[in-house]
Amino acid sequence: MKRNALTRKRKRFCFLMVLPVIILPLLFTYYPMLKGSMMAFQSYNLMDVSNIKWIGLDNFKKLFTQGIGNNFYQILENTAKWVLISLFFQLTIGFGMALLLKKKFRGSSIYQGLIFFPWAVSGFVIGIMWRWMFNGTSGVINDILMRLGLIESSVGWLASKDTALLSCIVANIWYGIPYFTIMITAALRGIDAELYEAAEVDGANAFDKFFHVTVPSIKSVLLLTVLMRCIWIFNFPDLIYSMTQGGPAGSSHIVTSYMMQLVQSLDYGLASAVGVLSILFLALFATIYLLVSNRLTRED
């Protein structure tokens, strides 16, 4: 009897220890997700709380027909540019820097620390820094370009519809390069040197060794890193919001920064509709990530 009582006490104690792990995700993750998904199908504006009601798919229709002050199709196009251009240059520049860091040299650890530094800083802080740099009157970007003779007068990079999004993309490229550099450097150092020696014996040049030895050897790391980074870039409005807040006139908005604007305007129903679309997009990429990960694991 005493043993049974002790066993029950232990089970009760273990349950109490595990209970916060169950309750906290339910309270702070799954309940808000469920509540937000429900609000996407409601007219839920805090400026008109007396008129909260179910409206079905009207919020989604409103996004693609009226745009609520912004052209949602343009926002989707901006999002595609934001993700694809950022991803391309982060990967290519990060890969190049990783090749330079492939072999250890004196001070390489310090150099890697300096490269990784931007990744350790908050995206919002990085956005403020680049906003100062792109300032149309006193920014260092204008000063450098004028000294190089590339422009004759100051350019309002963040005040123009033509350059605001591009400026944010430049900042995002700089911010994301360290991630690819560190990941690819680690992968490159895991390649067996004998593979390169065998390629040299077969008469391979540097170009052949890169495409027939280096890339195939780290393809799993490259694919998973690209897929993961694609998800992060899509769900990373910090830079845009701290640099332009989606302006001027919504020209630099991406889907997630537009959702933040709708939240600030207290239109929770429409913001939730944008959030649901974002979750569907991220779920698609998460599925691709898991499928690729499982396939590469089986191949290894």
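Residues numbered from 1 in each chain as written. Predicted model: local features only at pLDDT ≥ 70, side-chain atom pairs only at ≥ 80, totals over all residues. Heavy atoms only, no water.

Our focus in this paragraph is the overall build of the protein. Counting secondary structure elements, the protein contains 13 helices and two strands. Relative to the compact-globule value of 19 Å for 300 residues, the protein shows a C-alpha radius of gyration of 25 Å, a clear excess of over 25%. Projecting the C-alpha coordinates of the protein onto the three principal axes gives extents of approximately 80 × 75 × 30 Å. Counting every position in the protein, which comprises 300 residues, the buried fraction comes to 37%. Long-range contacts, defined here as pairs at least 24 residues apart, represent 68% of the contacts in the protein between residues at least 6 apart. (Helix = DSSP H or I, 4+ residues; strand = E, 2+ residues; numbered from the N terminus. Rg over C-alpha atoms; globule rule 2.2 N^0.38 Å. Buried < 20%, exposed > 50% of the residue type's maximum accessible area, 1.4 Å probe, protein only. Contact = heavy atoms within 4.5 Å.)

As a further point, take the pattern of salt bridges. Going through the model one piece at a time under the given rule, you end up with three salt bridges. A salt bridge links E77 to K81; the shortest N-O distance between them is 3.3 Å. Of the two residues, E77 and K81 are both situated in helix α3 (residues 72-100); the distance of four residues between them amounts to about one turn of the helix. Residue E77 is classed as partly exposed on the basis of its relative accessible area, which comes to 40%. Note on K81: relative accessible area 36%, which makes it partly exposed. Here R147 and D143 are joined by a salt bridge, their closest N and O atoms 3.0 Å apart. Of this pair, R147 and D143 both sit in helix α6 (residues 140-147), four residues apart, roughly one helical turn. For D143, a relative accessible area of 35% corresponds to the partly exposed category. (Salt bridge = Lys/Arg side-chain N within 4 Å of Asp/Glu carboxyl O.)

Another point: the state of the cysteines. Counted under the stated rule, the structure contains zero disulfides. Here C168 is not disulfide-linked; the sulfur of C230 is the nearest cysteine sulfur, at 18 Å. Note on C168: relative accessible area 0%, which makes it buried. The class for C230 is buried, based on a relative accessible area of 8%. (Disulfide = S-S within 2.5 Å.)

Moving on, we get to the confidence of the model for the protein. Averaged over all residues, the pLDDT of the protein is 84; the fraction at 70 or higher stands at 94%. Mean pLDDT values over the elements of the protein span from 73, in helix α4 (residues 108-116), up to 91, in α3. (pLDDT = per-residue confidence, 0-100.)

Next up on the list: the layout of surface pockets. Empty space within the largest pocket amounts to approximately 340 Å³. What lines the largest pocket is a set of 14 residues, among which L99, K102, K103, Y196 and T214 lie closest to the centre. A total of four residues in the lining of the largest pocket trace back to one element, the largest contributor, which is helix α9 (residues 206-217). When the residues that make up the lining of the largest pocket are grouped by side-chain class, the tally is eight nonpolar, one polar and five charged. (1 Å grid on protein atoms, 1.4 Å probe; cavity = no way out; pocket = protein on both sides within 12 Å on 5 of 7 lines; lining within 4 Å. Points joined across faces, edges and corners; volume = space filled by probe spheres on them. Nonpolar A, V, L, I, M, F, W, Y, C, P; charged D, E, K, R; others polar.)

Quick look at helix α12 (residues 255-264) now. If you check which residues of α12 are buried, you get V255, T256, S257, Y258 and L262. One or two residues past the end of α12 sits L266, with phi positive at roughly 70°.

Another point: unusual backbone geometry. Of note, the bond from G247 into P248 is cis; its omega dihedral lies within 30 degrees of zero at -5°. By the secondary structure assignment, P248 is in the loop between α11 (238-243) and α12. Its identity as a non-glycine residue notwithstanding, A249 has a phi of 55°, on the positive side. Along the chain, the position of A249 falls in the loop between α11 and α12. Using a relative accessible area of 62% as the deciding quantity, one classes A249 as exposed. In this model, L266 sits at a positive phi of 70°, which is unusual for a non-glycine residue.

In a packed pair of helices, the relevant descriptors are the angle between the two axes and the axis-to-axis distance. With their axes 6 Å apart at the nearest point, α3 and helix α7 (residues 164-188) run at an angle of 40° to one another. The pairing of α3 with α7 is recorded here as oblique in orientation. Judged by the twist between their axes, the crossing of α3 over α7 is right-handed. Broken down by class, the residue content of the contact of α3 with α7 amounts to 18 nonpolar, eight polar and one charged. (Axes fitted to C-alpha atoms, helices over the stretch in contact; angles between N-to-C directions. Parallel < 35°, antiparallel > 145°, perpendicular 65-115°, else oblique. Left-handed = near helix turned anticlockwise from the far one by under 90°.)

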